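Results of the structural survey
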Amino acid sequence: MRENNNTSETIAVFGAGGFIGSHMIEALTATNYKVLAIDVDLKKLAEVLPDSTNVTTIELDITKDREKVEELIKDSDIVVDLIAYANPSIYITDPIGTVTLDLFENLWITELCVKYKKFLFQYSTCEVYGLDNGRNQPFNEEESLLVVGPINEHRWIYSCAKQMLERIVHAYGIKEGLDYIVIRPFNFVGPRIDYLIDDKDEEGNPRVFSHFMSALLLNKPLPLVDGGINLRSYTHIEDATDAFMRILENRQQFNREIINIGTPENETSIRGLAELMIELYNEETGANFSAGTVDIPSEEFYGEGYADCDRRIPDNSKIASLGWKEKYNLEEIFRDAIRYYIKNNEFVTQ
Ligand code: UGA
């Protein structure tokens with residue numbers, strides 16, 4: 001594990017209790033940074049923090065405890081902002097909440113970084129690229145056009161909120177000298193990604209892996225939205241975290257840039273993913289899963305206003321230039337995640 005030599009640096013991670021955050025904190029325990037792990041809910045950190053660490057956990061709601069947030073940013077050197085709703089069902093059911101949190105609340109953190117001159121790592125999303133529209137081209141940070149659908153497809157409110165945030169961060173870089181790096185994750189998967197559900201209406205609607213995993217464990221058909229024809233490129237969370245740690249160490253080199261984290265080699269259609277997960281589940285459990293898949297129209301699954309990203313191929317040449325290469329191929333990513341959820345078979349409604 002790499003270590004930073006500067007023991008005086010403090011890194012404040014907002015959203016530390018989430019999927020990406022909990023893995024980031026785990027990696028940061030092996031460094032000399034003083035780490036502030038901040039979230040409204042820190043349950044996911046319980047399984048990763050050893051007894052004695054360089055990590056201080058702080059449970060707070062950034063929308064309520066504003067003075068404390070300002071104090072934490074003032075006392076840090078580096079700020080990582082992971083706070084967001086990043087789940088398509090929420091963009092459909094709560095578009096105002098999505099833009100309020102993902103743009104306006106995040107903007108406030110950006111402004112505090114400007115005020116106190118802190119280095120900001122702003123997590124964004126591959127979804128800012130929007131649609132591939134048959135171009136079949138890797139998404140490049142500096143050159144790709146950002147293509148979204150009409151206003152009545154309100155799924156795109158998330159993409160637009162994140163894009164606006166990126167544009168404001170960029171403007172603060174130019175106008176006020178903000179030091180920052182924007183990171184665009186491409187479909188990370190692994191332990192702790194989402195919760196399992198036995199009824200999707202009970203707890204909203206997690207991302208596709210959790211739906212498929214829940215269906216496998218319950219011996220129900222895996223739901224294929226609009227036939228599962230769209231494509232995604234997956235990255236194991238361990239590889240994604242390794243990429244972040246490399247960027248963190250080399251932050252001056254990439255100051256005021258955007259960096260994709262993703263793996264073009266790990267591309268699959270969602271139908272292909274369902275087939276792969278069934279195969280891996282059978283291998284891991286010795287079961288003979290027979291419920292198969294079921295096609296569901298998106299209006300029925302998500303509600304009105306859903307639209308889908310057709311294809312997202314990351315251009316990952318920037319992180320590759322730091323010696324990064326993914327360790328997990330598509331099968332290994334999902335085998336690892338399936339194993340974790342077989343072991344931690346906890347449904348939210350139980
Ligand atoms: C989501 C977020 O919007 C992104 O911001 C985020 O970066 C990304 O996840 C990620 O994990 O990195 P998306 O890939 O569309 O984007 O999220 P999923 O809910 O996992 O959907 C993937 C595909 O599976 C979509 O085509 C969806 O319609 C389909 N799906 C989903 C199914 O076919 N069945 C399901 O049960 C759930």
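Above: the structure in question.
Here goes a summary of the coordinates provided. (Residues numbered from 1 in each chain as written. Predicted model: local features only at pLDDT ≥ 70, side-chain atom pairs only at ≥ 80, totals over all residues. Heavy atoms only, no water.)

A short note on the site of the ligand
Selection criterion: In these notes, residues near a molecule or strand are those with any non-hydrogen atom within 4 Å of it. Any N or O atom pair separated by 3.5 Å or less is treated as a polar contact, with the protein-specific requirement of one donor-capable and one acceptor-capable atom, and with residues adjacent in sequence counted only for side-chain atom pairs. Computed with a 1.4 Å probe, the accessible areas rest on the Shrake-Rupley method; for each residue, only the protein chains presented here act as cover. Residue type decides the class: Asp, Glu, Lys and Arg count as charged, Ala, Val, Leu, Ile, Met, Phe, Trp, Tyr, Cys and Pro as nonpolar, and the leftover types, Gly among them, as polar.
Close to the ligand lie 25 residues; Tyr91, Glu127, Arg232, Tyr306 and Asp308 are nearest. In the environment of the ligand, an oxygen atom lies 2.6 Å from a nitrogen or oxygen atom belonging to the side chain of Tyr91. Contact with the protein chains removes 97% of the 710 Å² of surface that the ligand exposes when unbound. Its residues assigned to classes, the shell around the ligand comprises 16 nonpolar, three polar and six charged.

Description of the packing of helix H2 (residues 66-74) against helix H4 (residues 95-116)
Keep this limit in mind: Between N-to-C directions, angles span 0 to 180 degrees; the directions come from axes that are lines fitted to C-alpha atoms, helices contributing only their stretch in contact. By definition, any uninterrupted DSSP run of H or I lasting at least four residues is a helix, any uninterrupted run of E lasting at least two residues is a strand, and each is numbered from the N terminus. In what follows, roughly perpendicular refers to angles from 65 to 115 degrees, roughly parallel to angles under 35, roughly antiparallel to angles over 145, and oblique to any angle outside these ranges. Crossing chirality is assigned from the near helix's rotation relative to the far helix, an anticlockwise turn below a right angle marking it left-handed and a clockwise turn marking it right-handed. Between two residues, a contact is recorded if the distance between any of their heavy atoms is within 4.5 Å.
In contact at an axis separation of 10 Å, H2 and H4 are set at 45° when each is read in the N-to-C sense. Regarding the angle of H2 to H4, the classification is oblique. For the element pair H2 and H4, the recorded crossing hand is right-handed. Residues Arg66, Val69, Glu70, Ile73 and Lys74 of H2 lie in contact with H4, whose contacting residues are Glu105, Trp108, Ile109, Leu112, Cys113, Lys115 and Tyr116. Here the residues of the contact of H2 with H4 sort into seven nonpolar, no polar and five charged.

A look at unusual backbone geometry
Residues other than glycine seldom take positive phi values, yet Asn133 does so here, at roughly 55°. Note that Asn133 resides in the loop between strand S5 (119-123) and helix H5 (156-176). Notably, Asn136 is not glycine yet its phi reads approximately 55°, a positive angle. Locating Asn136 in the fold gives a position in the loop between S5 and H5.

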